[in-house]
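Each chain, written out:
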Amino acid sequence: MKQSPPTLRLSFSVIPARSSSFSTNLTSCQRICEIMLHELLLALLGYTGDLIIDGREYNESLRVSLSPEAPLAEEPTFKLAPDVSFIQPSDKEVIQRIITLGFYYRELERFAAKSRNLSWIRAPNESPLLRVNESLKAMKAKKMKPSVYRRAIANGIVEVLSVYRSAVLHIEQKMLSDSLPILATVTQGLNKFLILLPPLYDIILEIERDNICGGKLLNLLHKRCHCGVPELQTCIQRLLWHGHQVMYNQLASWMVYGILHDQYGEFFVRRQEDRDSEYESPPDTLEKLAHLSVNDASLADWHLGFHVYLDMLPEYIPMNVAESVLFAGKAIKVLRNPRPTVQYQDASSQQQIPKGSQRAQAFPAKFSFQKDSSVKSILIGEELFPQSEANKIEAMLQDLKESSEFHKRSFETVVDSIKAIAASHLWQLVVVRADLNGHLKALKDYFLLAKGDFFQSFLEESRQLMRLPPRQSTAEADLMVPFQLAAIKTIGEEDKYFSRVSLRMSGIVVKTSQVEFPKEKTYSVGDSRVQSGTTLETSIDGWDGIALEYSVDWPLQLFFTQEVLSKYLRIFQYLLRLKRTQMELEKSWASAMHEDHSDFAKRHNDCSKSSVSQRRRRCRPMWRVREHMAFLIRNLQFYIQVDVVESQWNVLQSRIQSSRDFTELVGYHQEYLSALISQSFLDIGSVSRILDGIMKVCLQFCWKIETLENNESTGELEYIAEEFNKKSNSLYTILRSSRIAGSQRAPFLRRFLLRLNFNSFFEATARGVLNVVRPRPALGVLQ
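Residues numbered from 1 in each chain as written. Predicted model: local features only at pLDDT ≥ 70, side-chain atom pairs only at ≥ 80, totals over all residues. Heavy atoms only, no water.

K.L.:
Before we go on, may I ask you to explain the overall build of the chain in this structure?
P.N.:
Along its length, the chain carries 30 helices and ten strands. Taken over 783 residues, the chain has a buried fraction of 49%. For the chain, contacts bridging at least 24 residues in sequence account for 78% of all contacts bridging at least 6. (Helix = DSSP H or I, 4+ residues; strand = E, 2+ residues; numbered from the N terminus. Buried < 20%, exposed > 50% of the residue type's maximum accessible area, 1.4 Å probe, protein only. Contact = heavy atoms within 4.5 Å.)

What follows is the structure, encoded as structure tokens:
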């Protein structure tokens with residue numbers, strides 16, 4: 001509200017307060033006192049005059065009141081005029097102390113007028129939108145951000161000032177009723193405001209100086225509430241209540257309707273692009289957001305669209321509560337704005353897709369669902385999130401809003417209740433409607449190799465292909481043939497999930513695995529020598545890039561994120577290498593037996609006894625090494641597939657059956673994947689490297705021994721055997737250490753170690769082999 005102090009000064013100018021001579025007449029004294037007290041009362045409402053002046057106006061000879069946009073003064077500037085000499089020093093001191101209230105009142109009122117900025121309402125011939133835009137431009141020019149929180153606090157200050165004005169009016173009425181007004185009447189009526197207004201002025205001074213808004217403003221008021229003055233505490237709590245009204249309105253918009261109503265960026269939940277405009281985001285985050293926004297805007301909103309903005313999060317609201325608010329709003333947004341295809345998912349999933357197609361053939365169905373999509377979306381949204389639930393959430397927030405004080409426990413309880421409601425309905429959508437458990441079973445079948453017959457058939461069909469280095473241009477197409485043949489042999493028509501699985505070759509790098517030999521050691525067999533500098537080179541690493549992709553539709557994309565699918569892929573590639581190694585070891589033995597039978601038949605017919613016996617004698621120790629390799633790989637495979645995968649799967653299933661909360665399911669699934677990775681030793685770099693080296697050495701051994709000629713030296717095979725001995729003993733030594741075996745990260749590890757060391761063979765040969773290769777005892781046949 002604009003002030004009109006010039007008119008007031010004009011009214012005082014007609015009073016002959018300065019020009020009349022002072023007499024000792026009692027009537028003249030009364031007249032002077034009345035003039036003084038009336039000007040004092042006006043000064044208490046922010047209007048200076050001849051006796052009480054504003055130091056800034058007086059020094060600058062402006063003689064006009066300050067505009068609302070003028071900066072706040074650091075200290076009170078109201079004071080008695082220098083030429084006032086008819087007042088006793090004791091009275092001057094009292095008056096000087098009282099008139100500071102007028103200064104505080106005027107500055108608080110200026111702050112309120114500037115923050116509320118409601119002048120456009122009274123503009124008769126101007127567009128409100130145009131006036132608001134002009135106000136925003138003026139604020140930007142002064143580097144001030146508009147703030148709904150500051151406006152709310154200004155409303156609270158107006159309430160306090162109205163009480164103050166009422167007190168001044170009451171004093172005036174009391175003075176008019178007295179025959180002889182005295183100064184004590186003023187001081188007695190305004191003493192309590194000497195406690196209230198100065199701290200309030202300090203608050204608005206800090207707000208304007210630091211341009212505080214949003215959650216930071218709530219923090220400031222919450223800290224100032226903790227004082228030892230009950231009246232001041234009540235006053236600041238009222239200001240905080242006004243600020244919380246804005247926060248509750250934003251919470252209601254976000255948690256009831258899934259709409260983020262935050263025009264000036266003051267809420268602690270913020271869109272991703274708002275943060276990107278202030279801080280430069282990593283390129284990978286922007287790339288993910290751009291990729292997701294092209295495919296599905298709702299999915300982008302869920303994963304990368306919103307975040308908790310810590311700068312605007314009040315300190316008295318814990319981070320976990322803020323994350324619950326974030327989740328609840330995102331969940332309500334998803335439930336109120338589902339994709340129109342959700343109600344048809346069950347029907348479409350029943351349609352069988354030819355097994356030869358590795359992509360989800362859902363494009364015609366998607367296009368057919370676009371008709372009347374807006375109507376269907378509204379109907380589905382109402383079904384997924386009934387209006388009765390929205391009313392329940394709104395009622396809980398309304399109870400908080402009507403409370404006179406902010407109670408942290410009540411706030412957290414309400415947020416948790418709203419989160420539980422949203423999570424329950426999201427659980428219904430993802431678990432029941434989208435058949436989450438069926439897709440989890442499919443991921444277990446194909447990514448965790450639960451369908452062992454399929455992958456056994458695939459590896460057999462592609463065995464000869466994988467003996468050669470992959471060709472970068474055709475590797476994926478080359479693998480599709482054995483992949484489809486294996487599907488035809490092993491996948492039944494009732495498997496509706498296989499159509500979502502596709503084979504990929506990711507990151508093909510055709511490189512040779514090199515086993516480093518000791519530089520000074522040589523092995524001699526007959527006349528042949530294998531120098532220690534030799535390397536065994538086999539192009540096998542390229543096929544480690546075999547990957548699976550799983551097509552996930554909405555709303556399962558809320559559960560199966562890219563991070564989750566990447567963990568499944570990591571486990572799959574590890575298990576596939578392990579199964580491939582196990583199959584090669586078995587095939588090498590089968591191939592050797594086939595050759596022995598052929599040699600036996602040839603010896604029986606041709607009587608070529610000597611050459612066959614010599615070859616068998618040379619290879620007999622190597623077949624014992626192969627048996628030890630197969631023994632280790634079989635036990636490792638059994639441990640991972642049975643002790644780890646199956647046990648963790650049973651735990652996950654029991655949790656899914658007992659849970660009705662989406663967030664709980666996400667947590668359980670994350671624990672499931674973490675347990676698979678940790679108990680399979682994929683998160684321990686040293687163990688993972690040793691296991692990878694063991695598998696490579698086993699493959700090299702199989703391919704070398706199958707191509708060994710009758711008169712060829714076995715020096716390379718002996719070195720491979722020593723490498724295997726070293727790596728396997730190192731593996732056993734690390735796994736039996738107290739740091740791993742004694743921890744809870746792998747509860748079934750002791751069973752694995754017991755199977756390996758059932759006859760104390762590993763324990764006897766694993767001492768001191770981490771850094772020194774020692775001769776291994778004679779290889780005996782495992783009993």
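K.L.:
Just checking my understanding: could you explain the pattern of salt bridges for this structure?
P.N.:
Here the idea is simple: oppositely charged side chains can pair when their charged atoms come close. For the coordinates displayed, the defined rule picks out 25 salt bridges. The shortest N-O distance in the salt bridge between Glu107 and Arg106 comes to 3.4 Å. For Glu107, a relative accessible area of 0% translates into the label buried. Look at Arg106 and you get buried, because its relative accessible area is 2%. Ionic pairing is found between Glu671 and Arg655, a salt bridge with its closest N-O pair at 2.4 Å. Remark: Arg655 occurs in helix 24 (residues 609–658) and Glu671 occurs in helix 25 (residues 662–679); sequence separation between them is 16 residues. Linked by salt bridges that have partners in common, Glu586, Arg626, Glu627 and Arg634 make up one network. (Salt bridge = Lys/Arg side-chain N within 4 Å of Asp/Glu carboxyl O.)

K.L.:
Before we go on, may I ask you to explain the confidence of the model for the chain in this structure?
P.N.:
The predicted coordinates should not be examined in detail at positions where pLDDT is low. Of the residues in the chain, 69% have a pLDDT of 70 or more, and the chain-wide mean is 75. Note that residues 276–283 has pLDDT below 50 and, in this model, nine contacts with residues that lie over four places away or in other chains. Contacts for the low-pLDDT stretch residues 509–540, under 50 throughout, to residues beyond four places or in other chains number 69 contacts. (pLDDT = per-residue confidence, 0-100.)

K.L.:
Quick question: what am I supposed to make of the nonpolar core here?
P.N.:
Inside soluble globular proteins, nonpolar side chains tend to come together where they are buried. If you look at the biggest cluster of nonpolar residues, it comprises 207 residues, and the most contacted ones within it are Leu190 and Met247. Per-element tally for this core: the top contributor is helix 24, with 16 residues. Apart from residues no more than four positions distant in its own chain, Leu190 is found in contact with Leu44, Ile98, Leu101, Tyr164, Ala167, Val168 and Ile171. (Core = buried A, V, L, I, M, F, W, Y, C linked by side-chain atoms within 4.5 Å.)

K.L.:
How should the side chain of Gln679 be read in this particular structure?
P.N.:
Relative to the assigned elements, Gln679 resides in helix 25. Leave out the neighbours within four places in its chain, and Gln679 touches Tyr639, Val644, Gln648, Arg745, Ala746, Pro747 and Phe748.

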